[in-house]
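# Examining the three-dimensional arrangement
Each chain, written out:
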Amino acid sequence: MTEPLLKLTGITKHFGAIEALRGIDLEVRAGEVVALLGDNGAGKSTLVKIIAGGLKPSSGSVWFDGAERHFASPSEAKKAGIETVYQDLSLCVNADVVANFFMGREITRKVLGIPILQEKEMERITGQAIAEAGTRIPSLRTNVEHLSGGQRQAIELNRFVHFGGKLVLLDEPFAALGVEQTARGMEMIRQVADRGVGVIVITHIMAQAFQVADRIAVIRHGKVAGDVETAKTSPEQAVEMITGGTLTIAGMDRAGTGRDPAQQGEEANR
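This write-up is about the structure you can find in this document. The residue count restarts for each chain, going from 1 along the sequence in the order it is written. It should be noted that, the model being predicted, local features are given only for residues of pLDDT at least 70 and side-chain atom pairs only at 80 or more, the latter also being counted only at that level, while totals for whole chains, interfaces and linings use all residues. Derived side-chain values reflect all non-hydrogen atoms in the structure, with water molecules and hydrogen atoms excluded from consideration.

## Brief notes about the environment of Pro 235
Following the sequence through the fold, Pro 235 ends up in helix 8 (residues 235-243). Note on exposure labels: buried denotes an accessible area under 20% of the residue type's maximum, exposed denotes more than 50%, and partly exposed covers the range between, all computed with a 1.4 Å probe on protein chains only. Judged by its relative accessible area of 26%, Pro 235 falls in the partly exposed class. Taking the C-alpha atoms as reference points, Pro 235 and Phe 210, 25 residues apart in sequence, are found 7.5 Å from one another. The numbering of helices and of strands both runs from the N terminus, where a helix is a DSSP run of H or I of at least 4 residues and a strand a run of E of at least 2.

Here is the structure:
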């Protein structure tokens, strides 16, 4: 077994009197897809924010890429190679594909001391990265607002991989996609993992979790209620881990009505 890319040991998080996480142990290896499951309010979002540098744990250790980390901000985690892709993404919709791919990393050459964008080189690199992912985009000069949800996800994921990303956290990545776009999205996740990137997918949709993930990790009441290989469990067993009892699979496909402990804690601290 290879050393884990990400290793969480004894992670806890308190928001005043609210105990959001209660001793989380979790590992993710390079090239592995882990589906993070749990009811709303179980602590998934709190855990992801800690991994991504948005929150500091109350106790416990975060190890990433062979070293213990104490990320002070999401930008620090991003520099280390951790990226979070949310449902609404972080693309600029009134800019084209090339501009979004290189946003913050533009290639320039100084002419008489003035930085000039190297548009042709940026377009060449963007086109190559998109083509390698098998994504079809009519024109790299199309503004992102005119692209489908799946195409937008492809831009963000391939940008992340191209610039040396090592671990990507996908928060409900298929929530706004149709059937065909979802299928392409899951193929893209497998392609990203095959290039050695660790992937954590947060989803409420059981069928998608079992289709795309190598492992299922279940969070319940701030603890790991199960951490098993997908091939060695079943949707029914996963639902039992999520609920602590039995529940129909159809019921699991619906988002719960509870709130994440992080949100509860923020309200309590106001």
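## Remarks on the sheet that holds strand 9 (residues 167-171)
Adjacent strands of a sheet pair through backbone hydrogen bonds, lying either parallel or antiparallel. Should DSSP find at least two bridges between two strands, the strands are taken to pair. Within the open sheet, the six strands sit side by side as 6-9-10-3-11-12. Their pairing is mixed. In this open sheet, the two strands that pair with only one neighbour each are strand 6 (82-85) and strand 12 (223-229). When strand polarity is set aside, the average angle formed by the axes of neighbouring strands in this sheet is 20°. Here four bridges tie strand 3 (residues 33-37) to strand 11 (residues 215-220), and the two strands are oriented parallel to one another. Convention adopted: a line fitted to C-alpha atoms gives each axis, helices being fitted over their contacting stretch, and angles between N-to-C directions are expressed from 0 to 180 degrees.

## Quick word on a nonpolar patch on the surface
Patch members must show over 30% relative accessible area and no salt bridge, and they are joined within 9 Å when carrying like charges or within 5 Å when they are nonpolar side chains of Val, Leu, Ile, Met, Phe, Trp or Tyr. Note on areas: these come from Shrake-Rupley sampling with a 1.4 Å probe, and a residue is covered only by the protein chains present in the view. Think of a salt bridge as a Lys or Arg side-chain nitrogen and an Asp or Glu carboxyl oxygen that are within 4 Å of each other. A contiguous nonpolar surface patch, about 410 Å² in accessible area, is contributed by Val 111, Leu 112, Ile 114 and Ile 116. By the element assignment, Ile 114 lies in strand 8 (residues 114-117).

## A word on the sheet that holds strand 5 (residues 67-69)
The antiparallel open sheet is built from four strands, whose spatial order is 2-1-4-5. Two strands bound the open sheet, and with one partner strand each, they are strand 2 (18-28) and strand 5. Across the sheet, the mean angle separating the axes of adjacent strands is 30° when strand polarity is ignored. Of the strands in this sheet, strand 1 (6-15), strand 2 and strand 4 (59-64) are in contact with helix 1 (residues 44-51), which crosses strand 1 at around 120°. Only heavy atoms enter the contact rule, under which two residues are in contact if any of them lie within 4.5 Å.

## Some remarks on unusual backbone geometry
Even without a glycine there, the phi angle at Asp 65 is positive, about 55°. Tracing the chain through its elements places Asp 65 in the loop between strand 4 and strand 5. By relative accessible area, Asp 65 is classed as partly exposed at 37%. Positive phi outside glycine occurs at Glu 172, with the angle close to 45°. Relative to the assigned elements, Glu 172 resides in the loop between strand 9 and helix 6 (179-194). Given a relative accessible area of 13%, Glu 172 falls into the buried group.

## Description of the packing of aromatic side chains
Aromatic ring pairs are defined here through the distance separating the ring centres and the angle between the ring planes. Pairing of aromatic rings covers Phe, Tyr and the six-membered ring of Trp, with a centre-to-centre limit of 6.5 Å; geometry is then stacked below 30 degrees between planes, edge-to-face above 60, and tilted otherwise. Tallying each qualifying case throughout the model produces three aromatic pairs. Between the aromatic rings of Phe 101 and Phe 163, the centroid separation amounts to 5.9 Å while the plane-to-plane angle is 45°, which identifies the pairing as tilted. Here Phe 163 lies in the loop between helix 5 (149-162) and strand 9 and Phe 101 lies in helix 3 (residues 97-101), a separation of 62 residues in the sequence. Residue Phe 101 is classed as buried on the basis of its relative accessible area of 0%. On the basis of relative accessible area, Phe 163 is assigned to the partly exposed category, the value being 28%. Within the aromatic cluster, the residues linked to one another by ring pairs are Phe 101, Phe 102 and Phe 163. Seen from the ring of Phe 15, Lys 13 lies directly overhead, with NZ or CZ sitting 5.4 Å from the centre. The aromatic ring of Phe 163 is capped on one face by Arg 105, whose charged end is 4.4 Å from the ring centroid. We call a charge positioned above a ring when the Lys NZ or Arg CZ atom is no farther than 6 Å from the ring centre and deviates by at most 35 degrees from the ring normal.

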